[in-house]
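Spelled out from the first residue to the last, the chains are:
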Amino acid sequence: MSERERLGKHSEAGRAATFIGAARYRRASYGSNHPLAIPRVSLTLDLINSYGAMGADEYLDGRPASHRELFGFHTRDYIQAYERAQFRGGVRDADRRVYQLGTMENPYYPGFFATPCLAAGSSIQGAEMVLTGRNAFSPAGGMHHAAPHQARGFCYLNDPVLAIQRLRGAGLRVLYWDMDAHHGDGVEAAFVHDPDTLTVSIHMDTAYAYPFRGGGLDEHPGSAVNLPLPPEVNDSEYWLVFAQLWPRVLETFAPDVVVLQAGTDILAADPLSKFRVSNLLFWEVARRILRDSPRLLVLGGGGYHPIALARCWTGLWALLSGRQLDAVLPAAGRRLLEAVEWDLDDEDAAGYVEQFLRLHDAPLEGIIRPDCRDRVHHLLTHHPLFVHRSPSA
C-alpha cells in the first residue's frame, strides 16, 4: 500500500464530519504526575489547524451532559458525591473509599467534575450529529472504564455508554468497536443484556494490563466479543486479526451505526502500550471502518504520548473529513509539537526527530506469530455469535 493510499484521498463514506471540542480542554487536568496530565484535544486541534484542515462549519463547541443524561447510566448517589467534591474543593475520605474519587488513579483537580461532564455531553452531541447524517469525532470522549457507581481507570463518566444510549433511544442497532489497548469493560457491562448493542474489544491481554480481569478470549458476557492479544503485536499481526474479525462481525450483527473508540495507546510510542503498532496501521483500520459503517461516531480514549496522539488523531480527522494531508508536517505544526513540555519525552528513542517532521510513523510490519492466528481463529470458531447466529437471526 502506497503512502498516498495510506493517508487517504477522500472520505469513502461520503459524509461531512463534525469535530467537537471546547476551550476548557486547554486547562490543566488530572493534577501532576498522572499519565493524562498532558495536552491531548487542544494539541490535536492545533495541529489540525496548522494544516488548515478544519472549516468553521466542521467545528462544534461541546456542552455538558445534563443530570437526566448522567442518571441514565450513573447512580444518583455517585453523581451527587462527585459534584459535591468539586464544590468543596476536595474529596471526603468516605466518598473516596466508596466512589474511588480523589485517588491516585482518579485524582481530584480543579474542575474535575466539569471537564468530564463536558466530555460526556460532547459525546452525546456526537451521537446527535450522527443522527443528522454526519460523521462525528468527540476526542475528549472514550472513557470506557467508568462504572455506574464509581470512577475507574482514569475514567469518571462513561461517555461511550451515554452516547450509545442516545443512539439506542433513536431506535438504532449499535456496534461498539473498541481499539483502545485496554479492555472496554465498562461499556461491555452496560449493554450485556441489550441484544441490539454489540461490544467488540481488541486489547492487551488483561493478564498483564488494566483492568486485570475480564476481556478473555472465552469471556463473552451477553454477546460481547473480546480479543486479547499478546505483547509486541506488530502492524501485520494487528491487521490480520482485524481483517478477519471485522467483516464477520458486520455480517453477523448488521448494525445501523458504529461507535468507534479510537484510543491511541495501541501505538508503539505510547508509554503504557505493550504493542508495536504504527499510526499507519491505525489509519488503515479506521479507513476500513469508515468505509463499511452505515453511520459512524468516533470517540477518543486512552493515549499517553501527546505527540503520537496528536499526529494520529490529526490523520484520523483527515479520514473522517475527506482530506488528504501532506505527510510532511507544516512548519507551524512542527513548532507546535516541539514546544510540548512532557516529562517522559525521550530524545534517545528511535524516531524521536521524525515525530516532529512527519505526520506518519514508519511502518512496523513483521512476522505473524501462530499465537495471533490461533486466537482469532478460536474466537471465530467458538464464540456463540459466530457459531449460532446469522445475519437474519
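Check the entry above for the structure.
Just so you know, these numbers come straight off a predicted model, no measurement behind them.

Evaluated as defined, the whole model comprises 18 salt bridges. Between Asp196 and Arg168 there is a salt bridge; the shortest N-O distance is 3.7 Å. You can see Asp196 sitting in the loop between helix H8 (185–190) and strand S5 (197–204) and its partner Arg168 sitting in helix H7 (residues 159–169), a full 28 residues away along the chain. Looking at Arg168, the relative accessible area reads 23%, which means it is partly exposed. Linking Asp196 and Arg173 is a salt bridge whose minimum nitrogen-to-oxygen distance equals 2.7 Å. Taken together, the positions of Asp196 in the loop between H8 and S5 and Arg173 in the loop between H7 and strand S4 (174–178) put the pair 23 residues apart, joining distant regions of the chain. For Asp196, a relative accessible area of 28% gives the class partly exposed. Taking the relative accessible area as the measure of exposure, Arg173 reaches 16% and is therefore buried. Via salt bridges that share partners, Arg63, Glu69, Glu128 and Arg166 belong to a single interconnected network.

Turning to the side chain of Asn106, a few remarks are in order. Relative to the helices and strands, Asn106 resides in the loop between helix H5 (93–99) and helix H6 (114–131). Sequence-distant contacts of Asn106, defined by excluding residues within four places in its chain, comprise Gln100, Leu101, Ala151, Arg152, Gly153, Phe154, Cys155 and Tyr156.

Moving on, we come to the nonpolar core. Taken as a class, soluble globular proteins show a tendency for nonpolar side chains to be buried jointly. Leu175, Trp177, Tyr238 and Leu245 are the most contacted members of the largest nonpolar core, which totals 81 residues. Ranked by residues supplied to this core, first place goes to helix H11 (residues 306–321) with 11 residues. Discounting residues that sit within four places of it in the chain, Leu245 has contacts with Trp177, Val200, Ile202, Val225, Leu227, Leu379, Leu380 and Phe386. Within the second largest apolar cluster, 44 residues are counted, among which are Tyr99, Phe113, Tyr176 and Leu299.

So, on to the packing of aromatic side chains. Counted by the stated rule, this structure contains 22 aromatic pairs. A centroid spacing of 5.7 Å and a plane angle of 85° characterise the contact between Phe19 and Phe137, whose relative ring orientation is edge-to-face. Linking Phe19 in strand S1 (residues 17–21) with Phe137 in strand S3 (residues 135–138), this pair joins segments that are 118 residues apart in sequence. For the pair Phe19 and Phe137, one class covers both residues: buried. Here the aromatic rings of Trp177 and Trp246 are separated by 5.1 Å at their centres, their planes lie at 85°, and the arrangement is edge-to-face. You can see Trp177 sitting in strand S4 and its partner Trp246 sitting in helix H9 (residues 235–253), a full 69 residues away along the chain. Chaining the aromatic ring pairs together yields one cluster made of Tyr30, Tyr78, Tyr82, Tyr99, Tyr108, Tyr109, Phe112, Phe113 and Tyr156. Lying across the ring of Phe253, Arg173 places its NZ or CZ 3.9 Å from the centre.

Turning our eyes to something else, we now look at the pairing of S3. Here S3 shows two buried faces, one formed by Asn135 and Phe137 and the other by Ala136 and Ser138. Pairing between S3 and strand S8 (residues 296–299): 3 bridges, direction parallel. Across the sheet, residue Ala136 finds its bridge partner in S8, namely Leu297.

Turning next to the sheet that holds S8. An order of S2-S1-S3-S8-S7-S4-S5-S6 is seen for the 8 strands of this open sheet, with the pairing classed as parallel. Single-partner strands in this sheet number two, and they are strand S2 (59–61) and strand S6 (225–229). For this sheet the average axis-to-axis angle between neighbouring strands, irrespective of direction, equals 15°. As judged from the 5 bridges shared by S4 and strand S7 (residues 257–261), these two strands associate in the parallel manner. Bridge assignment links Asp178 to a residue of S7, and that residue is Gln261.

So, about helix H13 (residues 370–382). The end-to-end C-alpha distance of H13, which contains 13 residues, comes to 18 Å, matching closely the 18 Å that a straight helix rising 1.5 Å per residue would cover. For H13, every residue scored as buried is listed here: Cys372, Arg375, Val376, Leu379 and Leu380. Projection of H13 onto a plane perpendicular to its axis shows the buried side chains occupying an angular sector of 125°, all on one side. Among the exposed residues of H13, those pointing more than 90 degrees away from its buried face are Pro370 and His377. Against S6, H9 and helix H14 (384–388) lie the buried residues of H13.

The rules behind each value
Residues numbered from 1 in each chain as written. Predicted model: local features only at pLDDT ≥ 70, side-chain atom pairs only at ≥ 80, totals over all residues. Heavy atoms only, no water. Salt bridge = Lys/Arg side-chain N within 4 Å of Asp/Glu carboxyl O. Helix = DSSP H or I, 4+ residues; strand = E, 2+ residues; numbered from the N terminus. Buried < 20%, exposed > 50% of the residue type's maximum accessible area, 1.4 Å probe, protein only. Contact = heavy atoms within 4.5 Å. Core = buried A, V, L, I, M, F, W, Y, C linked by side-chain atoms within 4.5 Å. Phe/Tyr/Trp six-rings, centres within 6.5 Å; stacked < 30°, edge-to-face > 60°. Lys NZ or Arg CZ within 6 Å of the ring centre and 35° of its normal. Pairing = 2+ DSSP bridges. Axes fitted to C-alpha atoms, helices over the stretch in contact; angles between N-to-C directions. Expected span 1.5 Å × (residues − 1). Arc of directions from axis to C-beta.

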